[in-house]
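# Examining the three-dimensional arrangement
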Amino acid sequence: MARNTSLYFRIVEGRNLPAKDVSGTSDPYCIIKVDNEVVARTATVWKNLNPFWGEEYTLHLPMGFHTLTFYVMDEDTIGHDDVIGKISLNKISLISLIAAQHKGLDSWLNLTRVDPDEEVQGEIHLALELHRDAQRTSLHCHVIEARDLAPRDISGTSDPFTRIIYNNLSAETSIIKKTRFPHWDEALELSLDEGEDDDGGSVTVEVWDWDMVGKNDFLGKVEIPLSCLHRSPSLQGWFRLLPLGNTEDDAGGKLGALRLKVRLAEERILPSVYYQPLIELLVEAVLSPSEVDEPTPLTLLEEVTTVESRQDVAMTLVKIYLGQGLVVPFLDYLNTREVHSTTDPNTLFRSNSLASKAMEQFMKAVGMLYLHQVLKPIINRIFEERKYVELDPCKIDLNHSRRISFKGSMSEAEVRESSVGLLQMYLSSIMEAIVSSVSQCPPVMRVVFKQLHKRVEEQFPEPENEDVKYLAISGFFFLRLFAPAILTPKLFQLRDHHADTRTSRTLLLLAKALQSMGNLGLQLGHGKEQWMTPLHPSILCSVASVKDFLDKLIDIDHDNVCEAPQRAVLLPSVIVKEGFLQKHKAEGPQLLKRFAFKKQYFWLSSESLSYAKSPDWQVRSFIPIACVCAVERVDENAFQLQNVMQVITQDTDGQLHTTYLQCKNVNELNQWLSAIRKVSIYNEHMLPSFHPGAHRGNKWTCCLQPNRTASGCCRTHSAVTLGDWSDPLDPDAETQIIYKELLQGRDKLRKQYLEAQEVEAVEQEEPLNASQPSSVSVQGRSERARALAARLLDVVLDLERAHSSFQSREPAEIHPLILSS
């Protein structure tokens, strides 16, 4: 039974941070680490002690994690950045906090001081054994190796040695210079006097960084109660290194605080065969659609879904039906029910129903690359130009609009005139890109819109409702996809950072105008923002273009759109990610580090990672994705460079080849790591371990082994990815989410459909009056609903039993001190 851990966190804002600069302010940013590995860095908010970030991330961590840590730093242009403080949440405390707040952690937490003795990381491989004979008792400790130790020297490495301590006895290994991955393979022995081997003491194994000058630096420790060795004479495995002691305190709030949102979801995934009955019920709902008002597994699921979880459920269902090749009938089924139950066309898709959420998530899943193709050029242009734009008289700041000319500052009227011209120019570029993008829009998206258009036209055929069929599509296309993407480009991965205040205002005004265009200009002049009036003529002129675009968008033959089941949303020819990276030159003579990397343009698809000198270069080199067997970070010490990754491939002869790539920052590094891991996630022969260093000077810079083909010294992280719209489909994990939702709502289903039988039976014995329905259809529908609810609950019960059975058959828990054997 596989384990699936998803960790969502949002760094909202900070408050009352201490001033670190002579100006009396700070330039704060956050670094986020999971088990001492940097997974994200927020943007820097300049000269602000109460910064707002609003950045969010989702991590998929199949192997789980121990600690989530947020560091608040002050960026300095000269010298090293200052550490302001940190918030560290271990997994157990995080689960407790989330359980206390029910919907996840969402609160202000005070920053604590950063103590070097608490900043430990890594693991140590040990074998401990108690030897007893007639004369004496001895403790044998085989110190094998360690990995991923904290760097304590300026070179980015350490000089580690290990010390074993029991009572007043101690022994030490040799010192291994300049490595974070030492291999000792040394046996240490302590002779215990009579009475010293009772159950009360503990064996302590400490790892230190040796320093020639000054005191040694602490790297971590493991404490093993001697009672463990009495119960199990031999104890061997990887042990996580722990800090000296918990000395963290929040300094009375003097270091400020962070507002964080954190959610943690842990699932154990059953083999595929156990989810098949639930999949069959979900497929049955769309392959054999019943009457619109009759219950189906999807309607029962919607009944038990909470408002908070509906978006996640909708995304999960979209992925399930994409994997089954049935996303078109699935959305048509939901939309048909939604349209049929709507009597006022003005309220169509206005609620947070399952249909509305499913359409939103579907557009993100299949239309994100299309969105990027259309919007990215104009969004980049707006960010680069940083024009001052404002229409609201209450917000115009004439100091922001000064001209470097003899005329001095612009008047309010001139600011409005300039702003209208700029907004019209930007809007014209956006609309031109959209209306000319029909052929770029994914065919499956066009078919879904075509069927939605048909259902709305059937429900509202009256001439006065002529625009409703357009509004239904534009409500999703413009109001729920393109306008939000323009408003917050970072959340749609159109930009790496949030917009500054000036650019953000421009984007907001453009998003408002685009929403009005999507509404076909029907609500112009009715709102409170009358200062938008200068844009009304441009909006009204665009209505005909919007309708013409929507007509062309749905002009597609449904039969020619392939709906075959597929394991990934992305087609082979689609470029998942692209951009400039620094590539390490091919193996050969050792070069100085400044010449060892060369700038190349890379394209990633589900078939290959290709690169060339520039985006327009015709000749490309290719790395087949099918040959990828590991995608990992590279230790900073390998090339004395930050943000380097490696792609390890295996050729037909079984030989391994490594391509080193440097990214411009840690966020770009994590995005490329995640993207390549996702497209290679189903590859066979993935490596279990790797070298985080490079083989230079006839040895590995990480573990110092001389053999180039030596086994890796660190375990791989191939399944650790960032969660986003490009996540590969995983039917078992997705069906598990639906099962958990039904499991939480089963009492509601049972009470509503099964326990009501007796009440209905009594009511049916009473004579019907004139106001009661006389047909048997109500009774028939009720019987079908009960039967369906019973089937669904049986499936949930079977899955619950399967989970219990697998958990009982799992091997006994490894000793809690041991990470792995």
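Computed from a predicted structure; not experimentally measured.

In total, this model carries 17 aromatic pairs according to the counting rule given. With 4.9 Å between their ring centres and 85° between their planes, phenylalanine 580 and tyrosine 601 make a pair best called edge-to-face. One end of the pair, phenylalanine 580, is in strand E17 (residues 577-584); the other, tyrosine 601, is in strand E18 (residues 597-604), and 21 residues separate them in sequence. Residue phenylalanine 580 is classed as partly exposed on the basis of its relative accessible area, which comes to 34%. Note that arginine 41 overlies the ring of tyrosine 29, its terminal NZ or CZ placed 3.6 Å from the centroid. Over the ring of tyrosine 8 we find arginine 263, and its NZ or CZ is 4.3 Å from the ring centre.

Next up on the list: the confidence of the model for the protein. Do not read the fine detail of predicted coordinates wherever pLDDT is low. Per-residue pLDDT for the protein averages 86, and the proportion of residues at 70 or more is 89%. Element-level pLDDT for the protein is lowest in helix H18 (residues 757-765), with a mean of 51, against a maximum mean of 96 in strand E21 (residues 628-633). Across residues 564-568, confidence stays below pLDDT 50; counting only partners more than four residues off in sequence or on other chains, it has 12 contacts. The model gives residues 768-778 a pLDDT under 50, and that stretch makes 4 contacts with residues more than four places away or in other chains.

Burial analysis of strand E8 (residues 123-132) places 7 of its 10 residues in the buried class, the great majority of the element. In the sheet, E8 pairs with strand E9 (residues 137-147) via 10 bridges, with the strands oriented antiparallel. Paired with leucine 126 across the strands is valine 143, a residue of E9. Direction of pairing for E8 relative to strand E15 (residues 234-240): antiparallel, over a ladder of 7 bridges. Counterpart to glutamate 123 in the pairing with E15 is arginine 240.

Locating leucine 540 in the fold gives a position in helix H12 (residues 536-553). Sequence separation between leucine 540 and leucine 520 is 20 residues; the distance between their C-alpha atoms is 7.3 Å.

With that out of the way, let us pick up the side chain of serine 419. Tracing the chain through its elements places serine 419 in helix H8 (residues 412-435). Here serine 419 is in contact with Tyr388, Val389, Glu390 and Leu391, once residues within four sequence places are set aside.

What follows concerns the sheet that holds strand E2 (residues 28-34). Sheet strands associate in pairs through backbone hydrogen bonding, adopting either a parallel or an antiparallel arrangement. With antiparallel pairing, 4 strands are arranged side by side in an open sheet as E3-E2-E5-E6. Across the chains shown, the open sheet's two edge strands, defined by having one partner strand only, are strand E3 (37-41) and strand E6 (82-90). The mean inter-strand angle of the sheet, taken between neighbouring strand axes irrespective of direction, is 25°. Note that E2 and E3 share 4 bridges and pair antiparallel. From the neighbouring strand, lysine 33 faces E3, where its bridge partner is valine 38.

Moving on to unusual backbone geometry. Phi is positive for glutamine 493, close to 60°, though the residue is something other than glycine. Counting through the fold element by element, glutamine 493 comes out in the loop between helix H10 (468-487) and helix H11 (501-518). In the Ramachandran plot, glutamine 640 falls in the positive-phi region, its phi being about 60° despite a non-glycine side chain. Checked against the element boundaries, glutamine 640 lands in the loop between helix H14 (636-639) and strand E22 (644-650).

Let us now look at the sheet that holds strand E23 (residues 656-662). Ordered in space as E20-E19-E18-E17-E23-E22-E21, the 7 strands form an open sheet in which the pairing is antiparallel. Both edges of this open sheet fall to strand E20 (621-624) and E21, since each of them pairs with a single strand only. If you compare each strand with its neighbour and ignore which way they point, the axes differ by 35° on average. Two elements, E22 and E23, share 7 bridges in a ladder whose sense is antiparallel.

Cut-offs applied
- Residues numbered from 1 in each chain as written.
- Predicted model: local features only at pLDDT ≥ 70, side-chain atom pairs only at ≥ 80, totals over all residues.
- Heavy atoms only, no water.
- Phe/Tyr/Trp six-rings, centres within 6.5 Å; stacked < 30°, edge-to-face > 60°.
- Helix = DSSP H or I, 4+ residues; strand = E, 2+ residues; numbered from the N terminus.
- Buried < 20%, exposed > 50% of the residue type's maximum accessible area, 1.4 Å probe, protein only.
- Lys NZ or Arg CZ within 6 Å of the ring centre and 35° of its normal.
- pLDDT = per-residue confidence, 0-100.
- Contact = heavy atoms within 4.5 Å.
- Pairing = 2+ DSSP bridges.
- Axes fitted to C-alpha atoms, helices over the stretch in contact; angles between N-to-C directions.

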